[in-house]
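Next come the chains, spelled out residue by residue.
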Amino acid sequence: LAQESRIRRSIRYRSTVGSHPTSRLSAYYPITELAMSLLSGRHFVAAVLCGFALLPPTSRATYDVGDAEEEEEDDAMSVLQRPAMATPAAAASAAAVGASSKWPILVPLQRESVPLIRNGKTVAHKTSYAGAISIGHPAQDFRVVFDTGSAHVVVPSAACSSETCLEHRSYNISASSSALAINVDGSQVPEGELCDQVTIGYGTGKVTGEFARDEVCLGGDSEETRTCVEVSMVMAVEMTTQPFKSFNFDGIFGLSLDALAVGPEFSFFNRLAGSGFGGELQFGVFLAGPDAGQEHSSEIALGGHNSKRLLSPLQWAPVAAKKMGYWQIQIKEVRIGNKTLDVCKDGSCRGVVDTGTSHFGVPGSSIGEFQRALTTEGAEDEDCRFVDAPSMDLVLEGIMLSLGPPNYMRPLPIPVGVEVGSARGVTMESEGQVDQPVESASTSSHTGAATADSASKTSHACAPRIMPVNLPAPLGPNLFILGEPLLSRYYTVYDWKEARIGFGLAATKANKEALVQEGQEVDSQDEQQEEIYSFMQVTVTVSVRYKQAGVVARGRRTLTAPGLALPM
């Protein structure tokens, strides 16, 4: 689910109206200076009624950053304040319950599997995990991907008429008595004016939206289990076909650190932390994996974690480069089998732990080495999760995370000549990263794992569920994205207060069976999966819009991670 690169560090604004007093400005502003300038000049605050649907087509603005050109559908998806204030419902709930058994709140996640067809046959599956939330009064219900790689709550707007939006439930701001149309600085949109817009680029796909403030609730219908927080959010008026049209979930629920959000008030967990709630400043994620019958067994715990989902004690790793806003950790070594790879020898490797990414992301410069080491021959009807293939180990500070074929292999063997992965993977096209040589998952990349003689005896190969990550410094270039393959093996806990991530062996069916085979006692989960998506946020572009002499004018600010100079 790759999110915008960090917004707080710099904002570039350039007026597109030559006669406007700000037209000569072309400089980088700290976020605090931008906020002051927005508040000090009325013409500088975006003028907008957020009735986007009422605008004529010629007055609509779309500012794309990191646009991905349309391509054949692949198997990967990878969907920055003021003091927080609890809504009356949340405040009353916290006062009545305190630090009671209400916390953590457990939100069930449903796994969705969409077949990927090549030459009339299913060669892989795209998967996602989504849970229920409600927004506004009366409540409007949505299913969202809870994404640690992005920062914003994003749902389709009722003003969006695109084919993708029409496939999903939409948010009607006019139908909510608790809603307020706002600009990026949190100010109310003046009546009859245009509102600010934002374009968020993810690892796969993007959305363009407008801003609103409303009450976001999760935890079910019961007052004893539900919590509600007033949050600023994004109403999508445009959504790319891939990956949003492919799945039934409606939107994204960002849970990254608040540095990735356009402002702290857009971060749900930041708002929850300041609301006086009675839980811990943590959340835990359990992905049951693709076992048949386990489609409804996954969950996210907010306000703590669910110890019943653990088979081993938690081991903690500190968040690296916290100011960038990602839940990322330092990776000291990567081993495949008994070989230590060179990619991390210079100490520059980090891994973003991303619940919104379907695959295991590998630095683009090393994708070929990983493909050759992990791909092996397979028979047409074979389950590739049980083939003889090496383990893959990530060595952290005092922790080693290990993945075997049941975790990283695609269940279905791939026919010769068929590609199901993404050659582009996670990238910023404007940086020219797509021109780097990469390999997608196909039988053409398995020659290193099988002899010429054995390869001639099979028409299929077993390939790993990996994708290339081509991001420039400071986030890249040696960046891993630790998505579903790792998260279905390890229960992960995200500690907001201490800025650390906990890893413990998840209490899945597959892990329990593996421990039994090893002769260990366990307390009393894989079917077909896939394919690539990533909602790790990589770019954000804010468009400040205003009216001048009856003409719609637009300014544009691109907000990125430190050092990422995107073209204006």
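Residues numbered from 1 in each chain as written. Predicted model: local features only at pLDDT ≥ 70, side-chain atom pairs only at ≥ 80, totals over all residues. Heavy atoms only, no water.

A.B. asks: I would appreciate a short explanation of the environment of leucine 109 in the present structure.
C.D. replies: Within the secondary structure, leucine 109 sits in strand β4 (residues 105–118). Of the residues examined, leucine 109 reaches a relative accessible area of 5% and is grouped as buried. With 191 residues separating them in the primary sequence, leucine 109 and isoleucine 300 have C-alpha atoms 7.0 Å apart. (Helix = DSSP H or I, 4+ residues; strand = E, 2+ residues; numbered from the N terminus. Buried < 20%, exposed > 50% of the residue type's maximum accessible area, 1.4 Å probe, protein only.)

A.B. asks: Explain the sheet that holds strand β24 (residues 414–415) here, please?
C.D. replies: Consider a sheet: its strands pair through backbone hydrogen bonds, and that pairing is either parallel or antiparallel. Here we have 3 strands laid out as an open sheet, ordered β21-β26-β24, and antiparallel in their pairing. Each end of this open sheet is capped by a strand with a single partner; those strands are β21 (376–378) and β24. Summarising the sheet, β21 and strand β26 (residues 460–462) pair through 3 bridges and their orientation is antiparallel. Along β26, the bridge assignment pairs threonine 376 with cysteine 462. (Pairing = 2+ DSSP bridges.)

A.B. asks: For this particular structure, what's the right way to read the side chain of asparagine 306?
C.D. replies: Summarising the element assignment, asparagine 306 is placed in the loop between β14 (298–302) and β15 (315–318). Residues contacting asparagine 306, with those up to four places away along its chain left out, are Leu106, Glu299, Ala301 and Tyr491. (Contact = heavy atoms within 4.5 Å.)

A.B. asks: Any chance you could explain the environment of arginine 111 here in plain terms?
C.D. replies: Inspection of the secondary structure puts arginine 111 in strand β4. Along the chain, arginine 111 and leucine 287 lie 176 residues apart, while their C-alpha atoms are 8.7 Å from each other.

A.B. asks: Teacher, can you tell me more about the state of the cysteines here?
C.D. replies: Covalent bonding between the sulfur atoms of two cysteines is what defines a disulfide. Counted according to the given criterion, the structure contains 4 disulfides. Paired by a disulfide, cysteine 344 and cysteine 349 hold their sulfur atoms 2.2 Å apart. Sign of the S-S torsion, about -95° for the bond between cysteine 344 and cysteine 349, identifies this disulfide as left-handed. Neither residue differs from the other here; cysteine 344 and cysteine 349 are each classed as buried. Disulfide pairing is shown between cysteine 384 and cysteine 462; the S-S distance is 2.1 Å. Note on the cysteine 384 and cysteine 462 pair: the S-S dihedral is about -75°, so by sign convention the disulfide is left-handed. Here cysteine 384 is found in the loop between β21 and β22 (392–395), whereas its partner cysteine 462 is found in strand β26, with 78 residues between them in sequence. Taken as a pair, cysteine 384 and cysteine 462 share a single burial class, namely buried. (Disulfide = S-S within 2.5 Å.)

A.B. asks: Teacher, can you tell me more about the sheet that holds strand β23 (residues 400–403) here?
C.D. replies: Read across the open sheet, the 4 strands follow the order β18-β17-β22-β23; overall the sheet is antiparallel. Only two strands of the sheet have a single partner each, and these edge strands are β18 (339–340) and β23. Where strand β17 (residues 333–336) meets β18, 2 bridges bridge the pair, whose relative direction is antiparallel. From the neighbouring strand, arginine 335 faces β18, where its bridge partner is threonine 340. With respect to the sheet, helix α6 (residues 367–374) is in contact with β17, β18 and β22, its orientation differing from that of β17 by roughly 35°. (Axes fitted to C-alpha atoms, helices over the stretch in contact; angles between N-to-C directions.)

A.B. asks: Explain unusual backbone geometry here, please?
C.D. replies: Among all residues except glycine, the phi angle is most often negative; among peptide bonds, the trans geometry is most common. Of note, the bond from tryptophan 103 into proline 104 is cis; its omega dihedral lies within 30 degrees of zero at 0°. Tracing the chain through its elements places proline 104 in the loop between α2 (88–97) and β4. With an omega of 5°, the peptide bond between glutamine 242 and proline 243 qualifies as cis. On the secondary structure map, proline 243 appears in helix α4 (residues 241–244). Phi is positive for alanine 321, close to 50°, though the residue is something other than glycine. Inspection of the secondary structure assignment puts alanine 321 in the loop between β15 and β16 (328–330). Of note in this structure, alanine 499 is not a glycine but carries a positive phi near 55°. Turning to its location among the elements, alanine 499 is positioned in the loop between β29 (490–495) and β30 (500–505). A relative accessible area of 13% means that alanine 499 is categorised as buried.

A.B. asks: Teacher, can you tell me more about the nonpolar core here?
C.D. replies: For soluble globular proteins, the rule of thumb is that nonpolar side chains tend to be buried together. Ranked by size, the top nonpolar core spans 74 residues in total, and within it Phe146, Phe253, Phe370, Phe480 and Phe503 carry the most contacts. When residues of this core are assigned to their parent elements, the largest contribution, 4 residues, is made by strand β11 (residues 227–239). Setting aside residues no more than four positions away along its own chain, phenylalanine 146 makes contact with Val107, Leu109, Tyr129, Gly131, Ile133, Leu218, Phe253, Leu255, Ile300 and Thr355. Grouped together as the second largest cluster of nonpolar side chains are 41 residues, Ala151, Ile182, Val184 and Leu260 included. (Core = buried A, V, L, I, M, F, W, Y, C linked by side-chain atoms within 4.5 Å.)

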